[in-house]
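# Notes for the structure review
Listed below are the residues making up each chain.
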Amino acid sequence: KCPVGVATTDPELMKALVVEEKKYRVMNYLVTLRAGLCSLAQAAGLPSPTLFDRRHAVFRDAAGRIRSAAELFPYPEPLAPLFEEERPEIEGAAVLEKPEAAPPLGGGSGPGRA
């Protein structure tokens, strides 16, 4: 059962869903999410969050090794050539005003870092 009435068919729980209030909360969430994605893109030196790919996600295992998602979860052989090419700029993508790259945390270089 959904306690806030969003994903329920129970008429009593559905009363908890106040659309006039929830629509503003959803809008605020999306605006904040978009701003956060733009900040992450800037930190990664990307002009738009739409240009993130598997190489930008890195994982640290229990032994402290850092590897990219592309390294850990490679595409199956028939699909690999389709996804591992350089991606062209996406037409109509939101481009950030100042795409300034932040220095890597802890210095040095690693997977996904230039």
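Note that the structure is a prediction, hence the values are computed from the model and not measured.

So, how was this worked out
- Residues numbered from 1 in each chain as written.
- Predicted model: local features only at pLDDT ≥ 70, side-chain atom pairs only at ≥ 80, totals over all residues.
- Heavy atoms only, no water.
- pLDDT = per-residue confidence, 0-100.
- Helix = DSSP H or I, 4+ residues; strand = E, 2+ residues; numbered from the N terminus.
- Buried < 20%, exposed > 50% of the residue type's maximum accessible area, 1.4 Å probe, protein only.
- Polar contact = N/O pair within 3.5 Å; in protein donor to acceptor, adjacent residues only side chain to side chain.
- Patch = residues over 30% accessible without salt bridge, like charges linked within 9 Å, V, L, I, M, F, W, Y side chains within 5 Å.
- Areas by Shrake-Rupley, 256 points an atom, 1.4 Å probe, with all protein chains shown as cover.
- Salt bridge = Lys/Arg side-chain N within 4 Å of Asp/Glu carboxyl O.
- Phe/Tyr/Trp six-rings, centres within 6.5 Å; stacked < 30°, edge-to-face > 60°.

We now examine the confidence of the model for the protein chain. Considering every residue of the protein chain, the mean pLDDT works out to 74; 62% of them sit at 70 or more. By mean pLDDT, the top-scoring element of the protein chain is strand 2 (residues 66–68) (92), and the lowest-scoring one is helix 4 (residues 80–83) (63).

Looking now at the side chain of Ser48. Examined against the element boundaries, Ser48 turns out to sit in the loop between helix 2 (19–43) and strand 1 (58–60). On the basis of relative accessible area, Ser48 is assigned to the buried category, the value being 1%. At 2.8 Å, the side chain of Ser48 and the side chain of Thr50 are in polar contact.

The next subject is a nonpolar patch on the surface. A contiguous nonpolar surface patch, about 580 Å² in accessible area, is contributed by Val26, Tyr29, Leu30, Leu33, Leu37 and Leu40. Inspection of the secondary structure puts Tyr29 in helix 2.

Per the counting criterion, the structure on display carries 1 aromatic pair. Plain terms: the ring middles of Phe59 and Phe73 are 6.1 Å apart, the flat faces sit at 90° to each other, and that makes the pair edge-to-face. Of this pair, Phe59 sits in strand 1 while Phe73 sits in the loop between helix 3 (69–72) and helix 4, and the two are 14 residues apart along the sequence.

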